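One letter stands for each residue in the lines below.
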Amino acid sequence: AVALTCRDEAELHALAIRLDAAGLRHHLVREPDAPYNGQLMALGVVPTQKSRVRRLVSSLPLLK
């Protein structure tokens, strides 16, 4: 498992769009409770070949 970070919800949503376009399965995680009702908080990518994902996430920093 690898944990990367995005600047904000917009960047996370843009990543989801790129994954869709590449045909990579993923799952969006949204916060159900206040004060973030429905806000996109995380994204999980279904296990696949590293090379298929790496080019789409290489600009994102590792979570420290």
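Section: a nonpolar patch on the surface
Working step 1: A cluster of nonpolar residues, Val-2, Leu-4 and Leu-62, forms a patch on the protein surface that exposes about 290 Å² of accessible area.
Working step 2: When you line up the elements, Leu-4 lands in the segment before helix H1 (9-21).

A word on the nonpolar core
Working step 1: One finds Leu-12, Leu-15, Ala-16, Leu-19, Leu-24, Leu-40, Leu-43, Val-53, Leu-56, Val-57 and Leu-60 forming the largest nonpolar core, which totals 11 residues.
Working step 2: The element best represented in this core is H1, accounting for four residues.

What about the pattern of salt bridges?
Working step 1: Using the criterion set out here, one finds one salt bridge in the structure.
Working step 2: Across the pair Glu-11 and Arg-7 runs a salt bridge, and its minimum N-O distance is 3.9 Å.

Focus: H1
Working step 1: Across its 13 residues, H1 extends 19 Å between first and last C-alpha, which sits within 8% of the 18 Å expected from 1.5 Å per residue.
Working step 2: Along H1, the residues that are buried comprise Glu-11, Leu-12, Leu-15, Ala-16 and Leu-19. The buried residues of H1 all sit within an arc of 145° when viewed along its axis, so they share a single face. Relative to its buried face, H1 has exposed residues pointing more than 90 degrees away, namely Ala-10, Asp-20 and Ala-21.
Working step 3: Residues of H1 that are buried sit in contact with strand S1 (26-30), strand S2 (40-45) and helix H2 (50-57).
Working step 4: Structurally, the start of H1 carries an N-cap: the backbone nitrogen of Ala-10 is 3.3 Å from a side-chain oxygen of Asp-8.

How each quantity is defined
Residues numbered from 1 in each chain as written. Predicted model: local features only at pLDDT ≥ 70, side-chain atom pairs only at ≥ 80, totals over all residues. Heavy atoms only, no water. Patch = residues over 30% accessible without salt bridge, like charges linked within 9 Å, V, L, I, M, F, W, Y side chains within 5 Å. Areas by Shrake-Rupley, 256 points an atom, 1.4 Å probe, with all protein chains shown as cover. Salt bridge = Lys/Arg side-chain N within 4 Å of Asp/Glu carboxyl O. Helix = DSSP H or I, 4+ residues; strand = E, 2+ residues; numbered from the N terminus. Core = buried A, V, L, I, M, F, W, Y, C linked by side-chain atoms within 4.5 Å. Buried < 20%, exposed > 50% of the residue type's maximum accessible area, 1.4 Å probe, protein only. Expected span 1.5 Å × (residues − 1). Arc of directions from axis to C-beta. Contact = heavy atoms within 4.5 Å. Polar contact = N/O pair within 3.5 Å; in protein donor to acceptor, adjacent residues only side chain to side chain.

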